[in-house]
Each structure stands twice: as structure tokens, then as C-alpha cells.
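Architecture and fold: a report
Letter by letter, the chains look like this.
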Amino acid sequence: MVQNHRLSVLVLFISLPAVFLTGCSQTRMDPFGMSFLPPTPVAPGTAPAVAALIEPPKVQPNPFVKEAPATFLHPVISHAPSFSETVRKADRHYVEGKKLFLEGKTEEARREFDRAMDALLDASDASDRAQVERKFEELVRAIHRYDVNEETGADGDNPVFDQSPLEALLEMTFPVDPKLKNKVVEEVRATASQLPLTVNEAVLSYVNFFSGERGRRILLHGLRRSGRYRHMISRVLNEEGVPQELMMLAQAESAFLPRAMSRKAAGGMWQFLKATGREYDLKQTAATDDRFDPEKATRAAARHLRDLYTQFGDWHLAMAAYNCGPGCVDRAVSRTGYADFWVLREKNALPKETRNYVPAILAMTIVVKNPEHYGLEEVELDAPLEYESVELRAATNVFLIADAAERPVTEIRELNPALLKSVAPAGYEMRVPKGTASMVLEAFESVPESRRASWRLHRVGAGETLGVIAKRYNTPVSALASANGGSALETPEAGDVLVIPAAYKEPVVKKAVRKPSGKATRTTARAKAGRGKSSVSASKGTTQKGFRKSGSMRAQR
């Protein structure tokens, strides 16, 4: 049952964006330009004293946000903690929650995570609306990473895919603002682009859409996430010799979601069908699918686009062929005698989705290249994903990898979206957080290769006995003691890391598909807050992370 306190926090989370938006339309009074105290009495015959202007207190820079362009929601109150102090308080609770989680104290961890979010939600000195909202979302995502079982079950063999936002977008029609044409024409003239930019009614209709609230929200959702992959994509496009602006295809196809899936079974950030993926060396097995690997799929997309340009000699036709297939474009050209996308569009020689696809990409490119004209100049991108690779010598469970890296299993899965099962096959290049590869390899030495598909690692917490640990993992004490080379009566020391002869339960079948990003609803906001608040699973098999320290029990091989 959800407690009343947590329900109120969820309601506050839902209403938080509305508070920010409402505040934007209000005129803010100068908190230092008026006094709430009565005037000081003045003796007869004396001139009134002139109050000295007090220098407003300097707000400490927030170490978690690069820019702080927004204004205060409320006047500064001298006794209220500053925003930076609030952030530090929230981070202290979050760090303590992580520590408790790693010790297996999930209930205590849940309470600390709640306190972290409460501290931010209750901040009275909201010096920057953008900072508050951004930090809150960051905290929600970070806490959600510790929800290791909620979405995919304990074994993770039923991956959840994101719905591609492209289909709904290309089915829409938008009006054209007649005042927009001259502005866009001037922008294009001043814009350097490797991709030819055309301005016509079709393009202008999408520019108009992305200028509005709904379209801007769709763009923002993808642009923020693009920060994780932008440098990698730019590097690959450059290496393959194709225009950098083609990065916008990933924005349109998937909003930079590696696990995006369309109704036509096109998958990944670049939406490859299985057959086309195989043509470009995107391997697909029962356990893995390279279409969902961001870097491999980007390489394949760049090569595919380059081949299409070689075939048609025009980037607009190449983009159209990327959407509907080269055969479709070939037939349209043969039927009409025109190898020009805009003529083919005018003659309805291409599918409706393709007729809108190219204008949408060009409009996105124009808007993103002129961010100051469309309210996008202060978009804060997600941090780039940084990782190292470890080649697996044996089939290995992702939970064991998370244990060895001392990270939540969701973080391991985020780095490896192409892995469809909970057990990665031998020879797989597993990505682990940067700086943890040596830890993982060292930890693997404690677990026999034949057992890496099922066994776990557990760092012993203060006061834990073999009996407590065995009960938590649903493992007999004798098996736990035997696996670690000790007797059933031996008491491990805090900090030791034990090998756990774990047994995984059967997959939990789920068919949930995430909703397309773009328009945030009250339902999705509530769900997001619910996952961030108290989302640590208390079920048996919760990850305990770490690797063996000197002097701890040794695994029998």
C-alpha cells in the first residue's frame, strides 16, 4: 500500500511542471526593492535616515547544472536554505540510500531515496525553475536505476521496447504560417549545412509545428537524450563521409531511443528492419540484436545512406529511400520519369509517410541549427555515455556483472541495449561503466566459468551472518558455505565478498510497451514519479555489489 505521505509527493511531482510553467507568465517583483518591516520612527526636527542598499547574497554555483538562466519563483527569504544547499541535502540522502542498498537494506534505502526527493520538492528557495525541474528529473532517473526487477522480472528475459515516435508524427498535417517563410528563408541563407536545405510549404508546415509547444516538446525530448550519443554519431558519420545533418534521422526515427520499435518491426535508434540490418552486418540471435546497439546501428545507417546516395545521386531521394526502401523510390522515378523528390511528392508517387518524412527531417535541421529562434538555445544535453568493454570468456549473467561492477543492473542494461536476455553469451563484448573493467575481471576470478550464468556475488554488511545471507538469496547455508570454502558455522567479516550459488526464478511475462515520448501526461508523470520514489525492489536476489577483498573466503572451483 502506498502511504499518504508518498501519495502527496507523487501529486506534488505531477503538479511541479505546471508550477514552473505558471511562474513563467508572472511578473516577478524585486525581492530587495521593498521592505516588509514598519518604518523606523524619526525624531522631530531630524532628517529621515537614508537606508543603505543591502547587497543581495551571492548564490553558490550549483555543481550539478552547467547553466542557470532562469529566475526565482519566489523572493529570497533570508532564513531559507539556498538551492545549492538543498541540492547537497538531497544528494546526501541519495548517497546514503545507495550505500544502504548495496548493503541489502532495501527498506532503509527506500526511505533515504524518499528523503532525497522530498528535500528537493520542498525547496522554498527555488532560485532557478530549470535547475529545480532538471535536478528532480535527474534524481528520478538515478533512483529508478536501482529498481532492478520491477519492469523485466528477476531474469530480464522479456525486454521492454519503446514505441517509435515517427509513425504518429508523419501522419499529421500542419498549417503554414505565412509570416514564417521570409524568416526561414533568411535562416537557411545564413546556415551552413552539408545537407541541401529546401524551403517550401511542406518544410514550413513542419517548422511551424516544431515552433509550437507540442512540437518543441517532441524535439526537446530527443535532443536532451542525444547528448548520450551525439559525439559517437558525429564521429561515425564523419568517418563514413556522410552529412552531419543526417543525425536528425535518429531524432525523427527514434528520438535517440536505442530500444525503439515500430509497428512494422523496425528496431533500434535508426529503425532497421531485420533483413536490411543483416545486409549491413547487424547480427541477430536469440540473445542479442545489433539493431539495438547504438554504435553498430549508427555505422550501418551511415553506410546505408551513403549507398543510397550513390544509387540516386541526391540526398533527398536517399532519405526517402531510407524510409520506404530503394525499390519504392526506383518505381516512382520510373513511373514518372522524374528523379526529384519534390516532383515525386507533388505527383503523390511516394507513400504519404515518405512524402512527409523528408520535409520533417529538413525542418528539424533548420530549427536545431537556429536554436535561438525557436527557444532551444538553453537545452541541457544528457551526459555522454562512457564505458569500457569486457570480452566474456563464458556465458555470464548481467546480475553477476552488476555485482562485480558495483552498479545497479539497470545501468548495465542501459549500456548494453542489444542484449535481449539476462545471460550474455561467451565471446560477447559487454560494456561496463568507465573505470570498472578491471574490477569486473578481478571479480570474475572468484566465480568458476561454468557457474557465471547463475551465480552471484555479495559484499557482506555489518552484522550479517551466513544464515541471513543464505535466506536472502534463497540458498541453503551449507551450499553457501561450501561455495566459499568454509564451514556452515563460520562468520564472514563485514566487507568480505561471497560467491552466491544463486538460482533464478522463471521469467515474468510482460507485454508492456512504453508510450511514445513527446506529450507528457499526468499518467506518465505519475508513473515516472512512482518509479523514482521508493523504487528499490525488496525481493530475494537483490543485487549486492563488490568483489572479494584480501582475506575473505575463497570460492571452490
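Computed from a prediction, not measured in an experiment: that's the story for all the values here. (Residues numbered from 1 in each chain as written. Predicted model: local features only at pLDDT ≥ 70, side-chain atom pairs only at ≥ 80, totals over all residues. Heavy atoms only, no water.)

Let's shift gears to the environment of A479. Topologically, A479 is positioned in helix 21 (residues 477-483). Separated by 22 residues in the primary sequence, A479 and P501 have C-alpha atoms spaced 7.1 Å apart. (Helix = DSSP H or I, 4+ residues; strand = E, 2+ residues; numbered from the N terminus.)

Mapped onto the secondary structure, V398 falls in helix 17 (residues 398-405). Note on V398: relative accessible area 1%, which makes it buried. Distance from V398 to R456, taken between C-alpha atoms, is 9.7 Å for residues 58 residues apart in sequence. With residues near it in sequence (within four places) discarded, V398 still touches V409, R413, L419, S422 and M430. (Buried < 20%, exposed > 50% of the residue type's maximum accessible area, 1.4 Å probe, protein only. Contact = heavy atoms within 4.5 Å.)

This next bit is on the pairing of strand 6 (residues 429-433). For strand 6, the tally of buried residues reaches four of five residues, placing the bulk of the element in the interior. Bridge analysis of strand 3 (residues 387-391) against strand 6 gives five bridges, and the strand direction is antiparallel. Counted as the bridge partner of Y387 is P433 from strand 6. (Pairing = 2+ DSSP bridges.)

This part is about the side chain of N323. Positionally, N323 belongs in helix 13 (residues 315-324). Polar contacts involving the side chain of N323 include one to the side chain of E353, which spans 3.0 Å. Only 2.6 Å separates the side chain of N323 from the side chain of T354, close enough to count as a polar contact. (Polar contact = N/O pair within 3.5 Å; in protein donor to acceptor, adjacent residues only side chain to side chain.)

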